[in-house]
Each structure stands twice: as structure tokens, then as C-alpha cells.
Amino acid sequence: MPKVSNKGQLMPESPIRKLVPYAEGAKKKGHKVYHLNIGQPDIKTPDVALEAIKNNSIKILEYSHSAGFESYRNKLADYYQNHGVSVNAADIIITTGGSEALLFAMGSTMDDGDEIIIPEPFYANYNGFSTASGVKVVPVISTIDEGFALPPIADFEKLITPKTKAILICNPGNPTGYLYTQEEIQQLAELVKKHDLFLIADEVYREFTYDGDKHYSVMNVPGIEQNAIMIDSVSKRYSMCGARIGCIVSKNKEVMATAMKFAQARLSPPTFAQIASEAALETPQSYFDEVITEYKGRRDTLITELNKIKGVKVATPKGAFYCIAKLPVKNADDFAQWLLEKFDLNGETIMVAPAAGFYSSPNVGLDEIRIAYVLKKEDLVRSVEILAEALKQYNS
């Protein structure tokens, strides 16, 4: 029988989705499952985006330009400029989600066997994108004890080899919720400039910052215009995960010309989703003010409740809507499966994402989980009550 590729065999399973069959099994038993495992916001998509689809009179659903609608890219450039990022439409290629933007970035900057340094824990699909691109992930570990702050630059520098082509960060971070400071971004900028590397920044959570802290983009750093590549998406900003619209942004013309070849190979991003995304740029600031207030309240509720559980350690996130919690268990994968297969509290249980899948270093994060606080406050309180009781029973 023909065999699948080695690359296919090496592609990692999603730690976020691999427990879905067990969740489905729990629901068939009649159990209510609180989904803390996936960053699917429950916030309503802006009306202006939905209305743009409902009221459209398209007669022929044509291809768009491979770089995306020019009108959308112009408006997107205006959006970035209003956020202090000086780019124009030529610096932007619209992609099918931030995922495709990351694949374009890797494909445009790295060859088989090249290396990319990523602070871990990191978004689990970075492992998959790297495998698909033939790129080796070289992790540099950040720790819960330091709140998942940027590891010392010396830790990055000692990992740089002739094969190193880029450093990749997520800011604010998924799964940690850490928000890099301007000083930390500047340190990375100096490092990539010194070693002639790319600095790829996944900034899809840029709006989600709390406590008065500000997001600082790699595109704001003077002197690294040829090194910086920004990845963005409408998924979280406008609660439009299903639109699958993102973008790759860079002032490096050679990078963008190369990314365009990848864009042409897949023809074009989806038309209706671009229409919705372009319309979403008209979303009033009041929408974001309300969303940030809601998520801050959820974060505060979740962290307060988790800190009540003996043996649980959690770092307070400064952005995005995730946190990493360290549990008093040896194997969070087993615990997460047990929660769905063998445990319920009055007919209710929770689904979490084991954090080991957010590391590429073996045997790291085995006792950690990622929690997405995308549920209402009362559901978060109930979820932590269920977690506390589950830990008691699991460890008894």
C-alpha cells in the first residue's frame, strides 16, 4: 500500500483539538462541557461586517487580486497608520487567515533545514507550520516563574547558528497572554540587526491589552524595516474566526515580492470574507472599549478563582485572552482526557488544552494547561469550581 510522507507523519496533532472526540463522548452522556480549550470568542461579530455580506449584490463571485482587494489594503494601511504603524497598501498581502500569512513568511525567508528561534510556550500550530515548511524550530524557554517574559537575549544568542534565519514571537502571546514591552521588542530588534535575521511578529491580539499597557509593534522599530515581518488577522479583533482573513505586512520589498508568488500559487483570498473584513474596519471604537472591558473582567475573575485552588500556579496575562496554569498533576494530557471521559460534577465538566503541545522541547509543560477565558464570568467561576473538585478526586 502507498505510504504517506515523512513530513505528514511528523505533522503534530493539535493539542487544542485532539480531545474533541472525548468532549463529544461526554456530551452524548448528557454532560455539559465548558470549553476552555479554544480561543473562539463569544463576542458578537460587528454588525457592519455582517451587513456587508447580507446586503451585497454580487452577481459573479470572481477571483480577487492575489494580494487581496486594493480597497481593503488601502483601508487596512489607514488602520495601521492610525495605530502608529507607517505602511501602505504595497506593504500588505491579504491571506487566508493568519495561518497562511505565517506559511508565506516561512516560505519566503527559509529553506529546508533552516532554523527559527521561538520563545516557548508558543502557539501550537507554529510546530505544524514549521514542519510543513521544512524548518527546524529552536526553542528558547520562558517560564511561569518570570510570568513568561522574554528570556534573556543571551539565551537567544547562544542558539544562533549559520542555519538560523528568523526569530518568531507572538505579541500579545498565545498561549501565555504575555505582552512584550517596548524594551523587550527593542532588544530583539538589536539582536536581529546584529545577526542579519528576520523578526516575525504574530500580532493578531494587538487590541487585547489590559491595565493601561500598550502594544508595541515590530513595525514601530526604526532601523529594522528590512528585518521586520508582521502577521495579522481579523479572527480575534472582530470575532471573525470563520472569515479566515489575515495578512502579511513588511516593508522589505524582496520578501513581499516572494510572498506574492506564494499568493499567486493559491490564486486569491476568499471574496465574501474580504468584503466582511473591509467593512469591519468601520467598527466604532466603542465596540473595542466594551470588548476590552469585558475581557479584563473575565481575566480578573479567572485569575482570582484559580488562585484559590491549592497547588495551582498561574501567571497573570497582560494581553490576549489566554493563561497558562500549572496544576498539581504529573500529566495534564491524562488529566484533560480524564475530565471528559470519567469525571463530572452534577453533570458538568470542562475541556482544557494540555500545554505540552505548546512546547517543542520534550517533557516540558507536562503539568500545565492553557485556559482561554472566552466564556462569561459566571461560567468561568463554575469552570474553576469544577476544576477544583476534579483535582481533588484525580489526586485522591
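Conventions and cut-offs
Residues numbered from 1 in each chain as written. Predicted model: local features only at pLDDT ≥ 70, side-chain atom pairs only at ≥ 80, totals over all residues. Heavy atoms only, no water. UniProt positions renumbered as here; feature names shortened; annotations may be inferred. Helix = DSSP H or I, 4+ residues; strand = E, 2+ residues; numbered from the N terminus. Salt bridge = Lys/Arg side-chain N within 4 Å of Asp/Glu carboxyl O. Buried < 20%, exposed > 50% of the residue type's maximum accessible area, 1.4 Å probe, protein only. Patch = residues over 30% accessible without salt bridge, like charges linked within 9 Å, V, L, I, M, F, W, Y side chains within 5 Å. Areas by Shrake-Rupley, 256 points an atom, 1.4 Å probe, with all protein chains shown as cover. Core = buried A, V, L, I, M, F, W, Y, C linked by side-chain atoms within 4.5 Å. Contact = heavy atoms within 4.5 Å. Expected span 1.5 Å × (residues − 1). Arc of directions from axis to C-beta.

**Quick look at the UniProt feature "domain: Aminotransferase class I/classII large" (unreviewed entry) in the protein**
Then step 1. As annotated in UniProt, the feature "domain: Aminotransferase class I/classII large" (unreviewed entry) corresponds to residues 33-344 in the numbering used here.
Then step 2. Counting secondary structure, residues 33-344 comes out at 38% helix and 15% strand; the distance between its end C-alpha atoms is 9 Å.

**Re the pattern of salt bridges**
Then step 1. This model, assessed by the stated rule, comprises 26 salt bridges.
Then step 2. Between D300 and K296 there is a salt bridge, with its nearest N and O atoms 2.9 Å apart. Here D300 pairs with K296, and both are found in helix α11 (residues 285-306), just four residues apart, close to one helical turn.
Then step 3. Salt-bridge contacts for D300 lead to R299; the nearest nitrogen and oxygen are separated by 2.8 Å.
Then step 4. Classification of D300 by relative accessible area gives partly exposed; the value is 28%.
Then step 5. When salt bridges with common partners are traced through the structure, they connect D42, E294, R298, K376 and K377 into a single cluster.

**Quick word on a nonpolar patch on the surface**
Then step 1. Together, I53, I58, L61 and F272 line one region of the surface with nonpolar side chains, adding up to about 320 Å² of accessible area.
Then step 2. Following the sequence through the fold, I58 ends up in the loop between α3 (47-54) and α4 (70-82).
Then step 3. According to the relative accessible area criterion, I58 is partly exposed, its value standing at 33%.

**Here's the deal with the nonpolar core**
Then step 1. Within the largest apolar cluster, 139 residues are counted, with the highest numbers of intra-cluster contacts made by Y80, I116, I167, I200 and I248.
Then step 2. In terms of residue count, the dominant contributor to this core is α11 (eight residues).
Then step 3. Apart from residues lying up to four places away in sequence, Y80 is in contact with V85, V87, I92, R206, M230, D232, C247 and V249.

**Considering helix α8 (residues 182-195)**
Then step 1. Between its terminal C-alpha atoms α8 stretches 20 Å, which fits the 20 Å expected from 14 residues at 1.5 Å a residue.
Then step 2. Among all positions of α8, only E184, I185, L188, A189, L191 and V192 are buried. Looking straight down α8, one finds its buried side chains confined to an arc of 165 degrees; they lie on one side. Projecting away from the buried face of α8 at angles above 90 degrees are the exposed residues E183, K193 and K194.
Then step 3. Next to the buried residues of α8 lie α7 (153-157), β5 (164-170) and β6 (198-202).

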